[in-house]
Amino acid sequence: MNVLEKARSLAATVTDPELPMLTLADLGVLRDVSLDDGRVVVSITPTYSGCPAMATMRDDLVRVLGESGLDATVRISLAPAWTTDWITDEGRAALAEHGISPPGPAPQGPVTLSLLPTRRAVSCPRCGSADVSLTSEFGSTACKAMYQCRSCLEPFDHVKEI
Ligand SMILES: [Zn+2]
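In short, a report on the structure. (Residues numbered from 1 in each chain as written. Predicted model: local features only at pLDDT ≥ 70, side-chain atom pairs only at ≥ 80, totals over all residues. Heavy atoms only, no water.)

Describing the pairing of strand 2 (residues 39-44)
Most of strand 2 sits out of view: 5 of its 6 residues are buried. Relative to strand 2, strand 1 (residues 30-36) runs antiparallel, the two sharing 6 bridges. By the bridge assignment, Asp 36 is partnered in strand 2 with Arg 39. Hairpin connection from strand 1 to strand 2: 2 residues lie between these consecutive antiparallel strands, with Asp 37 at a positive phi of about 60 degrees. Examined bridge by bridge, strand 2 and strand 3 (residues 72-76) share 5 bridges and lie parallel to one another. Along strand 3, the bridge assignment pairs Ser 43 with Arg 75. (Buried < 20%, exposed > 50% of the residue type's maximum accessible area, 1.4 Å probe, protein only. Helix = DSSP H or I, 4+ residues; strand = E, 2+ residues; numbered from the N terminus. Pairing = 2+ DSSP bridges.)

So, the coordination of the zinc ion
Within the protein, Cys 124 (SG), Cys 127 (SG), Cys 149 (SG) and Cys 152 (SG) serve as the donor atoms for the zinc ion, at 2.3 Å. Around the zinc ion sit 4 donor atoms, and with donor-metal-donor angles ranging over 104 to 115 degrees the site reads as tetrahedral. Read in sequence order, the donor residues for the zinc ion give the motif C-x2-C-x21-C-x2-C. Of this pair, Cys 127 sits in the loop between strand 4 (100-101) and strand 5 (132-136) while Cys 149 sits in strand 6 (residues 144-149), and the two are 22 residues apart along the sequence. Of the residues examined, Cys 149 reaches a relative accessible area of 1% and is grouped as buried. (Donors = N, O, S within 2.8 Å, 3.2 Å for Na, K, Ca; no water. Tetrahedral: all angles 85-135°; square planar, octahedral: opposite > 155°, others 65-115°.)

Given below as structure tokens:
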């Protein structure tokens with residue numbers, strides 16, 4: 001394995017601090033790993049601007065690569081903007097396995113502002129029932145909403161579509 005392959009496979013093991021069952025690759029945040037004059041350059045795209053997890057992701061990438069003797073720089077790539085559509089199928093399966101409802105398709109084009117709760121097609125990750133109610137627009141982190149299943153009563157987090 002050459003240095004670039006090693007750097008790519010190491011970077012792909014780093015997990016998201018807020019959704020630790022997902023790697024940055026599963027999340028679609030890890031955009032590119034390249035070599036620049038012997039240094040590893042990792043490009044990541046924030047899940048949303050101002051996401052407090054970005055500093056942790058950057059530190060974790062530098063630490064994991066550094067532990068294998070690779071000197072890494074992390075670049076933040078803002079365009080194109082990340083959307084939940086970039087979460088891989090493996091990532092969606094990992095969310096569901098951990099009782100978190102994965103996001104549906106991201107909204108396309110201009111989003112109409114509304115003061116009413118966002119309507120989403122959400123189903124219970126435990127029993128699959130679509131009879132669920134929104135408990136709170138904000139779950140354990142700002143990127144998740146809280147729901148409860150009316151069929152099995154399971155409370156669960158849903159990753160919001162953006
Ligand atoms: Zn249920």
